[in-house]
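Chains, contacts and geometry: an overview
Chain residues, written in single-letter form:
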Amino acid sequence: MSKQIHLNAFSMNTIGHQSSGMWRHPRDRSAQYNTAEYWIDIAKILEAGLFDGLFLADVLGVYDVYGGDVSEALRTASQIPVNDPALIVPLMTAATKNLGFGLTATLSYEPPFTFARRISTLDQLTNGRLGWNIVTGYLNSAAKGLGLDNQPKHDTRYEIAGEYMEVVYKLWETSWEEGAVQRDAARGLFSDPSRVHKIRHDGQYFQLDAVHLCEPSPQRTPVLYQAGASTKGRAFAAGHAECVFIAGPSKQVIKPAVADIRACVRAAGRTTGSPLVFTLMTVITGRTDAEAEAKFAEYKRYISHSGALTLMSGWTGIDFSTYALDDKLQQIRNDAIHSAVDAFTVSDPDRVWTIREIAEFAGIGGTGAIIVGGPQRVADELQGWIQDTDIDGFNLAYVVAPETFSDFVEHVVPELQRRGVYKTSYAPGTLREKLFGAGPLLDETHPGGRHRLGRRELAA
Ligand SMILES: Cc1cc2nc3c(=O)[nH]c(=O)nc-3n(C[C@H](O)[C@H](O)[C@H](O)COP(=O)(O)O)c2cc1C
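Residues numbered from 1 in each chain as written. Predicted model: local features only at pLDDT ≥ 70, side-chain atom pairs only at ≥ 80, totals over all residues. Heavy atoms only, no water.

**A closer look at the side chain of Lys-170**
Structurally, Lys-170 is set in helix 6 (residues 154–174). Despite being buried, Lys-170 has no salt bridge partner; Glu-166 is the closest side chain of opposite charge, sitting 4.4 Å away. Those residues in contact with Lys-170 that lie beyond four places of it in its chain are Ser-175, Ile-199, Arg-200, His-201 and His-451. (Helix = DSSP H or I, 4+ residues; strand = E, 2+ residues; numbered from the N terminus. Buried < 20%, exposed > 50% of the residue type's maximum accessible area, 1.4 Å probe, protein only. Lys, Arg positive; Asp, Glu negative; His and termini not counted. Salt bridge = Lys/Arg side-chain N within 4 Å of Asp/Glu carboxyl O. Contact = heavy atoms within 4.5 Å.)

What follows is the structure in structure tokens.
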């Protein structure tokens, strides 16, 4: 059986996510991001296309690197205004049965105790359809919004992340035993105190002395996605991620990244299940190649180049307003997304990018690649990416919402099914069971799953 393609739709609780300027397009509905109907419609389209999930990006800051302030981001709606992604998940859950939800949440600012409750609540409300995209963040403005002078250093953010995982694993996996909740009205016993354990954690970054507030959710720990592909990012992924999200403009950039992530996983001694790797991709399609190309040409007329550079400046930490358009981008190290800078510099040294080319390229689909064509050409290309780079699937971004998603479901999904590389129905169970065919809980060889075994020691 050919390698089955995994698909997430990639979105954000904002306007024009990866393709700056498209909110002005007459068919675009992303300016309705703050309505329930908008998200319910999208969830129904994706479930009809048997997507594994809707992957929701998120930021806690603003894009104020370009030009040194937030003005251009506000003018071009470059990920501002941005609403809380967690609050639309229950809405979409009620309108669907199987679609998973990948929720991006940075662990750099919220205490693990309260975060763990929100996640358990959502995993219960979705009946185990929740994934968490673990990010450490990249916008200094987020730190300033949260009362800090600056965001922690890039590598320090990953150290904090390592300890953060330790704490949430203890809350989700150790604190409440199976069977702790009795709901025994006859005996007047709701939960058995001997089976609920206090978590005492005294670490460098976090201190905790408490039981988890929630009873175990269907997956206990949500499916763990991770986005961040620097050296530190890959090591973190190797230790924790069940799914990894990467981005880059070409196979030349993505193939070595996948190989390295898989090597890191082996080196970390994780014996079962290499993570599923998803790359960012934008697909513009229609009934024929010609129709798709005409749509692409039409979309390009709406690109906001200053909006695209505003997003790129935020992702890379580089103020592109200080460059001339024909300047060539060199690798620079700062505390933003290292892999975003590398993707346009050292990751493909044969391809030198000018600022003008980056503005045009990132105008549609951000830092990810684009495929334009009818069903056959798109299916050929998607299969080509899987074969040539060893990825497992795609986070499909939209250009015009929800048209990009509904076009894909109408034209490409049937072609992929005809070729036997895409499912024709959902598997039963939680998101983890659907993705990996194993049980609802983290495997006991996974660092998080191992916490389910440790409670006896902890209780002593
Ligand atoms: C493909 C991709 C998507 C990302 N999405 C987000 C996001 O939605 N929100 C966020 O705060 N950080 C996001 N990040 C960045 C992460 O926060 C990451 O931990 C951090 O920037 C460091 O990235 P690096 O390891 O690639 O240097 C993303 C990174 C990548 C590579």
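**Looking at the pattern of salt bridges**
Following the criterion strictly, the structure yields 32 salt bridges and no others. As a salt-bridge pair, Arg-29 and Asp-41 come within 3.1 Å of each other at their nearest N and O atoms. Linking Arg-29 in the loop between strand 1 (6–12) and helix 1 (36–48) with Asp-41 in helix 1, this pair joins segments that are 12 residues apart in sequence. On the basis of relative accessible area, Arg-29 is assigned to the partly exposed category, the value being 22%. With a relative accessible area of 30%, Asp-41 lands in the partly exposed category. In this structure, the salt-bridge partner of Arg-377 is Asp-289, at a minimum N-O distance of 3.2 Å.

**Details of the site of the ligand**
Looking at the ligand, there are 20 residues lining it, with Asp-58, His-154, Tyr-158, Ser-230 and Ser-339 nearest. Take Ala-227: an N or O atom from its main chain is 3.5 Å from an oxygen atom of the ligand. Within the side chain of Ser-230, one N or O atom sits 2.6 Å away from an oxygen atom of the ligand. Calculation on the ligand without its partners gives an accessible area of 600 Å², and the protein chains cover 93% of this total. If you list the elements that add at least two residues to the shell around the ligand, you get helix 6, strand 10 (243–246) and helix 11 (338–342). Taken together, the residues that form the shell around the ligand break down as 10 nonpolar, nine polar and one charged. (Near = heavy atom within 4 Å. Polar contact = N/O pair within 3.5 Å; in protein donor to acceptor, adjacent residues only side chain to side chain. Areas by Shrake-Rupley, 256 points an atom, 1.4 Å probe, with all protein chains shown as cover. Nonpolar A, V, L, I, M, F, W, Y, C, P; charged D, E, K, R; others polar.)

**Quick word on the nonpolar core**
Core analysis: the biggest nonpolar cluster contains 80 residues, and Phe-51, Trp-132, Leu-382, Phe-394 and Phe-408 have the highest contact counts within it. Looking at this core element by element, the count peaks at 10 residues for helix 6. Beyond its immediate stretch of four places on either side in the chain, Leu-382 contacts Ile-5, Met-281, Val-283, Ile-371, Phe-394, Phe-408, Val-412 and Leu-416. Ala-57, Tyr-138, Ala-336 and Ile-355 belong to the second largest nonpolar core, which has 41 residues in total. (Core = buried A, V, L, I, M, F, W, Y, C linked by side-chain atoms within 4.5 Å.)

**Some remarks on the pairing of strand 13 (residues 393–397)**
Each regular strand shows side chains that alternate between the opposite faces of the sheet. Across the five residues of strand 13, five count as buried, placing the element largely inside the fold. With burial as the criterion, each face of strand 13 is covered, one bearing Gly-393, Asn-395 and Ala-397 and the other bearing Phe-394 and Leu-396. Bridge count for strand 1 against strand 13 is five bridges, and the pairing is parallel. Residue pairing in the sheet places Asn-8 in a bridge with Asn-395 of strand 13. Strand direction decides the pairing type here: strand 11 (residues 276–285) and strand 13, joined by five bridges, are parallel. Across the sheet, the residue bridging to Leu-280 is Asn-395, located in strand 13. (Pairing = 2+ DSSP bridges.)

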